[in-house]
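The chain contents come next:
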There are 2 protein chains.
Amino acid sequence: MSDEKRKTYKPVPISGFPEWLPEIRLVEQGWMDHIRRVFESYGFCSIETPSVEALDVLRAKGEVDKEIYVLERLHRDEDDDSEARLALHFDQTVPLARYTAQHFNDLVFPFKRYQMQRVWRGERPQLGREREFYQCDIDVIGVDHLPLHFDAEMPAVIYEALEGLDIGRVQIKVSNRKILTGLCGALGIADPVPVTRMIDKMDKIGADGVREGLSALGLSSAQNDSLMALAQIKTRDPETLKARIESLSLQGDDVITEGVAELAFVLEQLRHLPDHAVTADLSIVRGLDYYTGTVYETRLLDIPAFTSSVCSGGRYDDLAGSYINKHLPGVGISIGLTRLFAVLEHHGHIKAGRKSPADMLVVLPAEERRAAAAETARALRARGYKVELYHAPQKLKKQLAYAEKKGIPYIWFPPFEDGQGHEVKYMTTGAQITADPETWTPES
Amino acid sequence: MSDEKRKTYKPVPISGFPEWLPEIRLVEQGWMDHIRRVFESYGFCSIETPSVEALDVLRAKGEVDKEIYVLERLHRDEDDDSEARLALHFDQTVPLARYTAQHFNDLVFPFKRYQMQRVWRGERPQLGREREFYQCDIDVIGVDHLPLHFDAEMPAVIYEALEGLDIGRVQIKVSNRKILTGLCGALGIADPVPVTRMIDKMDKIGADGVREGLSALGLSSAQNDSLMALAQIKTRDPETLKARIESLSLQGDDVITEGVAELAFVLEQLRHLPDHAVTADLSIVRGLDYYTGTVYETRLLDIPAFTSSVCSGGRYDDLAGSYINKHLPGVGISIGLTRLFAVLEHHGHIKAGRKSPADMLVVLPAEERRAAAAETARALRARGYKVELYHAPQKLKKQLAYAEKKGIPYIWFPPFEDGQGHEVKYMTTGAQITADPETWTPES
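Residues numbered from 1 in each chain as written. Chains lettered and ligands numbered in written order. Predicted model: local features only at pLDDT ≥ 70, side-chain atom pairs only at ≥ 80, totals over all residues. Heavy atoms only, no water.

Trainee: So what's going on with the pattern of salt bridges? Which residues, and what values?
Mentor: All names here are of chain A. The full count for this structure, using the stated rule, is 70 salt bridges over all chains. A salt bridge links R378 to E375; the shortest N-O distance between them is 2.8 Å. Taken as a pair, R378 and E375 lie in helix α12 (residues 370–382) at a separation of 3 residues, close to a single helical turn. When its relative accessible area of 23% is taken as the criterion, R378 is described as partly exposed. (Salt bridge = Lys/Arg side-chain N within 4 Å of Asp/Glu carboxyl O. Helix = DSSP H or I, 4+ residues; strand = E, 2+ residues; numbered from the N terminus. Buried < 20%, exposed > 50% of the residue type's maximum accessible area, 1.4 Å probe, protein only.)

Below you can see the structure in the form of C-alpha cells.
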C-alpha cells in the first residue's frame, strides 16, 4: 500500500461551486426544510425535473442570454450523433414549462408546484453569483385564466418562508407592470422597454439618476415628470395607492386602471402581514420581458450586505407557448437560496450548527456491556431521538471529548454494571441525573 | 401574442433521465425523508458536494470505467483554457474522498456522513440503469484506525431505512473479503481477483456454473472444492459460521481467522434484527477491488422483479490516498434509490400518492367572505395543517371537484354568513360535522 500512498492530486475548491462544512450544511438544510414546509402548507406539490434539458428545449424561445453548460460524454461512441444535445438547466421556469406541456393531461389545474433544485450558469463566478446554486421556486399555472388570488398568495408564502430563516426583517415590494406600461402608452412612448429598464434602476442609481437616464432616452420633461411621479409611489395601503394614482390624473387609461385594481387587490389580501413586510413600489418592474402584471422583489431590511433582491418573480401570460398549443398563464416567485446563503455566510450572518445531528451520545462502558448499550441506543431512537452509540470502550474522558467536539448536547450513561440505573448528563449545564430511556425527555 | 403561440418544439422524455408526476414524486419524497430520518437517527451528518469535480480529481486513481459527462460552456470566452475541466460526479465516494482530504482539519473523526444527491453516468440507458439518479450513501471515516463497530452499524441502519419503504422483506448479505482472500493464499492461488470475480457470480450462474468457471481458470479440483465449500456457507448465526469454517480445516491461516472473527462480530451485533433480515453469505465478494474486509449486498425477498443488489458497500483501507497523505480507513454503503424506485414504479409496486400535499381545502363561499376564509386557512396552517384556500368564489360543486381531483381529504367550510359556524367534510366517508378551526383534529 505504501507505494500508492503518495499524494497524487491536491484538491482545491472550484470557483463558483460552493460546498459547506457539516455545521454550515446543517443550517442550510434547516432553511430548506423550513421553506419546503411553508410551501407545502399552502398546498404546493413538489416536482423535480432532470438536471438537463434538450438544448433545443432551452432555446425554443430563441437564443438564451444565460451561460449554458452542455454535456459531452468523455468517451463517446459512434451512435452519439443520434442523441439530442443535453444541457444543464439554468433556471426552473423553462423546465416547468416543458414539464407542464409534456404532462399536460395528467396535471390538475390550477397547478401549484414548488421546486427546489440546483441550477447552473457558467457566468464569471463571484460571491452571490455562483455557478451552481439552489433555487426555491413556487408557481401556479392556470389554463386560459388564472385568478388574482394567486398573485396575492405569493407574497404571503414568501414572507412566511423567509421570515423563519433568522435573517432579520424582510420586505416584499410589489408592483404591476400594467400601470407603467399603460402610462407609457398614455404618454405616447412607442417602445416602453428601455424606459422600464431605466426605472428599474431606481434602487441603484437613485431618482436623479433615473430622471437623467430618461432624459437621455429622449423623453420630454412632461413625460419624465409623469413617469417619475408614478415610479416614486410607495405605500402598502390599497386606498392610498388608488388616491395617489388618481392624483396623477391618469385614470382615463384602461390598462392603468386594471393594473391599479390588481395591485390594490394584492395589497388588500396582505393586510395580515406586519407593517414592514410588504409595500407597493411602483419603481419595481423586473428586467425580464415576459412579466405582464404583478411583479415582486424582496429586500432584507436589516442586512445591508445583501443589496440585491433575495426573491423575485411575477405574473406571466403564457408559460409554455413554445412547447404546447395551450394558453397557460401563471404567476411565480423564486428564492435564490444559495446566493443568499453564501453571501450571509461570508458576512458572518450564519451561526454554525452542530457538527452532528445527534441529540445524544450513548457511552460504551466496556466491551462486555456492548449489547446492553446498543439496546439502550435503540430504545432512545425508537422514541424519536437521534442517537450515536460510542464505537469503542475507550476512557470516558475520550468519549465525552468526542461528544463535545461534535456538539452533541446529551450524554447517556447506560448501566456500567448489572443492577445499576441509567444516567444522563446535560452538556450545557454539566448536570447529571438518573433517567429512564423509556420516559426521559430533555425537560426531565 | 397569437403569432408566437404556435408550438415550436414538442418536448419528449430524455432517455435515462426520469421524472415523475406529482403523485409519484410524493412517494419518492416520502422515501427520501424516511431514509434521511434513519440516517440522522444514528448520528450521520449531511454533506452535499458540488455536482461537478475537476476531471483530474475524478481520474486521480487512474482511468475510470464509468462513463463520465464533462461540461462545456456553450459560449466559451478566450480565458476558458485557464479553467480546470469539470465533470459531473459518477458516484459520491470520490467526492467524499476529495471533501475529506480538502477539509481534513475541520472534520471530527470518526467522520459519519450521509449524502443523498444525484449522480450521472453516460451509460446506455435502460430500466434500472438511468443516466441521472439519486444515491443515498452513508460512510464512516477514521484516521489510521476504524473500529469494527461501524461495520456492524451499517446493516442495522440500512435495514431500518429500507424496511420502512413498503417494499416487502429486505435481506442484507454480509461477508468478509479476508476469508476468501486468505483461502486463496492458503491454496497457493497467486492472483485471487479472477477467482473472486467468478465466485461473485454465484447468484447469477449458480454453483455449477461457478465450479465450471473456476476449473476454466485452471484451478485444481481440490482448490475448487475448498473454494466452493466456503462460498456456499450461508448462516446468520456467528457460532454456526465459526463451526462451519472450522470444519473446512482452514483455521491455520491468520487472514482467514481475522476475517471470520470480524464477520462473527458483525453478525453478533445484528441479533436484534428479524430472522430474514441478515445473513452471512460467503459468496458475496463485490466486484470493486478496493474493498478489503466486510462487504454487503442487499436483496428484496418479496419482489422478484428486482434481481440486483438494492444497496451495496463495504470496508476499505484507504479512502483518500490520492488526495492527502493520511491513512483514512472507512466503511460505507449506498442505496441506489432512483434505480430501485424506477424499477418498482415500472412494475406497479409504487402506489401513487395524492396530487397535492394539502390536508384540507378551505372553501371560498363568496367574494365578500374572502378575508374571513383566508383567516380560517391561516388559523389551520398555524396548527400545522397543509391548507389550500380555494381561489375563486365558484360553485361549491366545482370547488369540491377540485379537491377530489387533487385527492385532498378534508373540505373546510368557513361561515357562509355572519353568525354561522364552521363545518368540515371528510371526503373518504362523506360525513360532514361542525368544527372549530382552533381545536379540530381529523379524529374529531
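Picking up after the structure, the text goes on.
Trainee: With reference to specific residues and values, describe the interface of chain A and chain B.
Mentor: Opposite the 113 residues of chain A that make contact, chain B presents 113 residues. Interface area for chain A against chain B, summed over the two sides, is near 9,500 Å², with a carbon-plus-sulfur share of 53%. Scanning the region where chain A abuts chain B turns up 14 salt bridges. The salt bridge partner of A:K112 is B:E388, with a shortest N-O separation of 3.9 Å. Linking chain A with chain B are 49 residue pairs in polar contact (both at pLDDT 80 or more), by the criterion used here. With 7 residues, the top contributor of residues to the side of chain A that touches chain B is helix α1 (residues 22–41) of chain A. Of the residues belonging to the side of chain A that touches chain B, the class tally is 51 nonpolar, 21 polar and 41 charged. Note that strand β3 (residues 69–73) of chain A and strand β3 (residues 69–73) of chain B share 5 bridges and pair antiparallel. Paired with A:L71 across the two strands is B:L71, which belongs to β3(B). (Contact = heavy atoms within 4.5 Å. Buried area = accessible area lost by both parts, 1.4 Å probe. Polar contact = N/O pair within 3.5 Å; in protein donor to acceptor, adjacent residues only side chain to side chain. Nonpolar A, V, L, I, M, F, W, Y, C, P; charged D, E, K, R; others polar. Pairing = 2+ DSSP bridges.)

Trainee: With reference to specific residues and values, describe the sheet that holds strand β1 (residues 45–46) of chain B.
Mentor: Residue and element names in this part refer to chain B. Pairing in this open sheet of 9 strands is mixed, and the strands run β1-β5-β6-β12-β11-β10-β7-β9-β8 from one edge to the other. A single partner strand is all that each edge strand has here, and the edge strands are β1 and β8 (234–235). Sitting on the sheet, helix α4 (residues 149–163) is in contact with β5 (111–120), β6 (132–141), β7 (170–176), β10 (291–300), β11 (311–316) and β12 (330–335), with an inclination near 15° to β12. The strands touched by helix α10 (residues 254–269) within the sheet are β7, β8, β9 (278–281) and β10, with β7 carrying the most contacts at an inclination of about 155°. (Axes fitted to C-alpha atoms, helices over the stretch in contact; angles between N-to-C directions.)

Trainee: Describe the sheet that holds strand β13 (residues 360–362) of chain B, listing the residues and the values that go with them.
Mentor: All names here are of chain B. In spatial order, the strands read β14-β13-β15-β16-β17; together these 5 strands make up an open sheet with mixed pairing. Where the open sheet ends on each side, the last strands, each with one partner, are β14 (387–389) and β17 (432–435). Averaged over neighbouring strand pairs, the angle between their axes works out to 25° when direction is ignored. Across 3 bridges, β13 lies against strand β15 (residues 410–413) in parallel orientation. Its bridge partner being in β15, M360 is matched across the sheet by Y410.

Trainee: Just give me the short version of the environment of B:G430, but keep the residues and values in it.
Mentor: Residues and elements named next belong to chain B. Residue placement: G430 occurs in the loop between β16 (422–426) and β17. Using a relative accessible area of 37% as the deciding quantity, one classes G430 as partly exposed. Note: C-alpha distance between G430 and Y410 (20 residues apart in sequence) is 9.6 Å.

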